[in-house]
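Secondary and tertiary structure notes
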Amino acid sequence: MDPSAPGAEPVRPAAPGVAPAEATGLRVDERVRALHPLQRLFMRPDFGSLAGVVLLLVFFAFAASGSGMFAPDGIMNWLHVSAELGVIAVPAALLMIAGEFDLSIGSMIGFSGMAAAIPAVYWGWPVWTAILFAFALSVGLGALDGYLVVRTRLPSFIVSLAFLFVLRGLSLAVSVMLTNQTIISGVNHAARGDWLAPLLGGRIGHPLFVLLARWHLIGTYRDGSPLISGIPMIMIWWIAIAAVAHFVLSSTRFGNHIFATGGDRNAARSLGVPVARVKILLFCSTAFCAALLGISQVMEFGSAAADRGLDMEFEAIIAAVIGGSLLTGGYGSATGACFGALIFGIAEQGIYFANWNNNWFRVFLGALLLIAVLFNNFIRRRVTGER
Amino acid sequence: MASLIETRDVHMHFGHVIALAGISFMLEESQVHCLLGDNGAGKSTLIKILSGVFRPSAGEYLVEGTPARFTSPRDALDAGIATVFQDLAMVPLMSITRNFFMGREPVRAWGPLRIMDFRSADRVAREEMRRIGIDLRDPGQAVGTLSGGERQCLAIARAVYFGARVLILDEPTSALGVAQTSMVLRYVHLVREKGLGVIFITHNVRHAMAVGDEFTVLDRGRIAGRFRRGEATLESLQALMAGGKELAELATELGGTV
């Protein structure tokens, strides 16, 4: 499989008519160390976060034993938290690899939810049109964010910070102006019978869980209905987004452009990589995924709140960094961001299951972020051979 | 036969600074044209015009006889003019293969999708690097792990592979050791045999003499001299580059070691 394994490439005699450089230059450089497969694993961008997931699981298996954290409904609980974060952490990682940040993700979650709920509840639009409207508006704003970053060459940190405030303020102000409140309920009534809403806020696999409950493989409520009523759609979306992102990053031309854009913008540009387009598309993708999460929550809970998604832009960036993405761009992975989101979900819910004060979660998160950044820096030096 | 590229009385101004004051320059097929000059002579400005980074303030720039209107290096690249800049345009964190094909990734069909063809990309990267004299163990290793000379060779191999008709090398030997320098010089020779035109920018007169067919010396934005192979001597080129007198004085001060 690996053509570069030592000894796999015998020195061949030069073919007739080849250049002198070819004949004389043929020698295996004996100073290149052969890497053990374990070393290769160690140098992957997502290795640290995978190790983190395993360590945390082992830790809470002891710390939260007997709490139900590892019962099927307990697992569902922390997977749900991870999925919600994962949906936005994956595009945040891709954007970070391309060298930019989007701090407006959290505000976009609240904003997109309001953008779907207000037309559905107050203007009487069919819910699916309200959903499509909210997606279009969010992606349009993401494109504007990206365009401004590319055009002005200001740090995206500043431009998207402005968007953070503008979008949060808009969500609150417009909802108060139109409806005189910041929480819009009644979406579940409006969404009854809608074809699109269940794809975002629904659950699938209910019959399977009824069956599992009947066989006593999972717990039931008093009335005999299973503790898990189905797999939330956001988990399906998480897996789908992660799979697409991983595929794009590792196997497509666009993926190579993402790495090149974040690695060295000038080099990428002078070789014909459409740097501006790459960045704008990635800003659209973070906005799209934030809207996906925001609208899903509205459809799941049946209400929209203007303050939803508070601080989630930081959580997404933290998950991406824990997942091995470099803050400076050019390096990272989608799977790493997923592991980062898993670490987040396991730790947050594990602390709850272990019955500790949940303020410890923030301490843990801050410490972990610092460790992750130091570790990433170390890995970067290993990869580039920099001293 | 029209020359590959030609400039006619090209001027370049930056504000009130006159970087080039009337450069006429010509490159033909199978020719290595060395561009010599001290710092500030205008070498970099000239090649930035040739490679599409700048547009000349005045004068004509012809590619195979027709006026060129490049708005970006990409346009020049599409016209077959590949430049290896001093910064090499490499991303250290990316693999050799990903760097080699940056912006021109080979794809193959995978169902309805088009995915990067890493198998052939890796093979091509290995082959092209071997041709320039570097045997890669792993085309998947990061460019950051390569030495300066290896990166230089990678940049040159990449430029040649993507169908360049004209190869512009901006100080390709500045970061190299003795063995790698001779490798690059031999490669330049090889590229010329294939019919490409090469513009070779250097400080080092010895390197220029080793491969050059024609030599143009720039000084303060003007052409200070032009020689064919055999017409120029090491000393005369060096004297021209330094603007004549200073070097001779320096040489006597240092006991003739320059």
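Owing to the predicted nature of the structure, the values given are computational and were not obtained by experimental measurement.

**A look at the overall build of chain B**
Along chain B, the regular secondary structure elements total nine helices and 12 strands. Over its C-alpha trace chain B gives a radius of gyration of 19 Å, about what one expects of a compact globule, namely 18 Å for 258 residues. Across the 258 residues that make up chain B, the buried fraction comes to 53%. The long-range share in chain B, meaning contacts at least 24 apart out of those at least 6 apart in sequence, stands at 65%. Total accessible area on chain B is roughly 11100 Å²; 51% of this is exposed by carbon and sulfur atoms. Here chain B holds 29 positive side-chain charges and 29 negative ones, and the gap between their average locations is 6 Å.

**Focus: the overall build of chain A**
Helix and strand counts for chain A come out as 17 helices and four strands. The buried share of chain A, taken over its 387 residues, is 49%. Long-range contacts, defined as pairs at least 24 residues apart, comprise 77% of the intrachain contacts of chain A with a sequence gap of at least 6. With the model as given, the accessible surface of chain A reaches about 18200 Å², and the carbon-plus-sulfur share is 67%.

**Re the side chain of D138 of chain B**
Residues and elements named next belong to chain B. Counting through the fold element by element, D138 comes out in the loop between α4 (118–131) and α5 (148–161). The buried category is assigned to D138, whose relative accessible area is 15%. In this structure the side chain of D138 is engaged in a polar contact, spanning 2.7 Å, whose partner is the backbone nitrogen of G140.

**Side note on helix α17 (residues 359–384) of chain A**
Residue and element names in this part refer to chain A. With 26 residues, α17 extends 38 Å between its outermost C-alpha atoms, agreeing within 8% with the 38 Å of an ideal straight helix rising 1.5 Å per residue. Along α17, the residues that are buried comprise F361, L365, L368, A372, N376, I379, R380, V383 and T384. As for α17, its buried residues are in contact with α2 (37–42), α15 (312–322) and α16 (334–353).

**Focus: the environment of S296 of chain A**
In this fold, S296 of chain A is placed in helix α14 (residues 275–301). For S296 of chain A, the residues in contact, after removing those within four places along its chain, are L200, G201, I234 and A291 of chain A.

**Some words on the sheet that holds strand β9 (residues 166–170) of chain B**
Residue and element names in this part refer to chain B. In space, the six strands of this open sheet follow the order β6-β9-β10-β3-β11-β12, with mixed pairing throughout. Each of the sheet's edge strands pairs with one partner strand only, and the pair in question is β6 (81–84) and β12 (222–228). Strand-to-strand twist across the sheet, computed as the mean angle between neighbouring axes with direction ignored, equals 15°. Pairing geometry for strand β11 (residues 214–219) and β12, over six bridges, is antiparallel. Note that in β12 the partner of L218 across the bridge is I223. The strands that helix α6 (residues 178–193) touches are β3 (31–36), β9 and β10 (197–202); relative to β10, the one it contacts most, it runs at about 155°.

**A look at α5 of chain B**
Turn by turn, an α-helix covers 3.6 residues, leaving residues three or four places apart pointing in a common direction. Residues and elements named next belong to chain B. Counted at 1.5 Å a residue, the expected span for α5 with its 14 residues is 20 Å, and the 20 Å between its end C-alpha atoms agrees. With 11 of 14 residues buried, α5 is to be regarded as a mostly interior element. When α5 is considered as a whole, its buried residues turn out to be G149, E150, Q152, C153, L154, A155, I156, A157, R158, A159 and V160. The inward-facing, buried residues of α5 abut β6, α3 (96–100), α4, β9 and α6.

**Regarding the pattern of salt bridges**
Tallied over the full model, the rule gives 15 salt bridges over all chains. Note that E105 of chain B and R253 of chain A form a salt bridge whose closest N and O atoms lie 3.8 Å from each other. Within this pair, whereas E105 of chain B is found in the loop between α3 and β7 (107–110), its partner R253 of chain A is found in helix α12 (residues 253–263), the two belonging to separate chains. Classification of R253 of chain A as partly exposed rests on a relative accessible area of 31%. Salt bridges sharing partners connect three or more residues here, namely E6, R8 and E60 of chain B.

**With respect to the packing of aromatic side chains**
Residue and element names in this part refer to chain A. By the definition in use, this model includes 20 aromatic pairs over all chains. Ring geometry for F70 and W78: centres 6.3 Å apart, planes at 70°, overall edge-to-face. Centre to centre, the rings of F344 and F361 are 5.1 Å apart; their planes meet at 85°, and the pair counts as edge-to-face. Here F361 lies in helix α17 and F344 lies in helix α16, a separation of 17 residues in the sequence. The burial state of F344 is the same as that of F361; both residues are buried.

**Some remarks on the sheet that holds strand β5 (residues 66–67) of chain B**
All names here are of chain B. One open sheet accounts for four strands, arranged β2-β1-β4-β5; its pairing is antiparallel. The two strands at the open ends of the sheet, each matched to only one other strand, are β2 (17–27) and β5. Alignment of strand β1 (residues 5–14) against β2, held across eight bridges, turns out to be antiparallel. Bridge pairing links T7 to F25 in β2. Here helix α1 (residues 43–50) sits on the sheet in contact with β1, β2 and β4 (58–63), set at roughly 60° to β2.

**Brief notes about the pairing of β1 of chain B**
Residues and elements named next belong to chain B. Between β1 and the antiparallel strand that follows it, β2, lie two residues; G15 among them carries a positive phi value of about 60°. Two elements, β1 and β4, share five bridges in a ladder whose sense is antiparallel. Paired with I5 across the two strands is V63, which belongs to β4.

**Let's talk about unusual backbone geometry**
Residues and elements named next belong to chain B. The phi angle at S30 is positive, at roughly 50°, despite the residue not being glycine. Mapped onto the elements of the fold, S30 is located in the loop between β2 and β3. Of note in this structure, R220 is not a glycine but carries a positive phi near 50°. Assignment of secondary structure puts R220 in the loop between β11 and β12.

**Quick word on the packing of helix α3 (residues 47–63) of chain A against α16 of chain A**
Packed helices, taken two at a time, are described by the angle their axes make and the gap between the axes. Residue and element names in this part refer to chain A. Where α3 contacts α16, the two axes come as close as 8 Å, and the packing angle between them is 20°. In terms of orientation, α3 and α16 fall into the roughly parallel class. Both α3 and α16 take part in a crossing whose hand is left-handed. Contact residues: α3 offers S49, L50, G52, V53, L56, L57 and F60, while α16 offers G336, F339, G340, L342, I343, I346, A347, G350 and I351.

**Focus on the state of the cysteines**
Here, the word disulfide means a covalent bond between the sulfur atoms of two cysteines. Residues and elements named next belong to chain B. Considering all chains together, one arrives at zero disulfides over all chains under this definition. Here C34 is not cross-linked by a disulfide; its sulfur's nearest cysteine counterpart is in C153, at 18 Å. For C34, a relative accessible area of 0% corresponds to the buried category. By relative accessible area, which is 1% here, C153 ends up buried.

**A closer look at the confidence of the model for chain A**
Considering every residue of chain A, the mean pLDDT works out to 87; 90% of them sit at 70 or more. Note that pLDDT drops below 50 for residues 1–28 of chain A; the model gives that stretch 29 contacts with residues more than four away or on any other chain.

The rules we used
Residues numbered from 1 in each chain as written. Chains lettered and ligands numbered in written order. Predicted model: local features only at pLDDT ≥ 70, side-chain atom pairs only at ≥ 80, totals over all residues. Heavy atoms only, no water. Helix = DSSP H or I, 4+ residues; strand = E, 2+ residues; numbered from the N terminus. Rg over C-alpha atoms; globule rule 2.2 N^0.38 Å. Buried < 20%, exposed > 50% of the residue type's maximum accessible area, 1.4 Å probe, protein only. Contact = heavy atoms within 4.5 Å. Areas by Shrake-Rupley, 256 points an atom, 1.4 Å probe, with all protein chains shown as cover. Lys, Arg positive; Asp, Glu negative; His and termini not counted. Charge placed at Lys NZ, Arg CZ, Asp CG, Glu CD. Polar contact = N/O pair within 3.5 Å; in protein donor to acceptor, adjacent residues only side chain to side chain. Expected span 1.5 Å × (residues − 1). Pairing = 2+ DSSP bridges. Axes fitted to C-alpha atoms, helices over the stretch in contact; angles between N-to-C directions. Salt bridge = Lys/Arg side-chain N within 4 Å of Asp/Glu carboxyl O. Phe/Tyr/Trp six-rings, centres within 6.5 Å; stacked < 30°, edge-to-face > 60°. Parallel < 35°, antiparallel > 145°, perpendicular 65-115°, else oblique. Left-handed = near helix turned anticlockwise from the far one by under 90°. Disulfide = S-S within 2.5 Å. pLDDT = per-residue confidence, 0-100.

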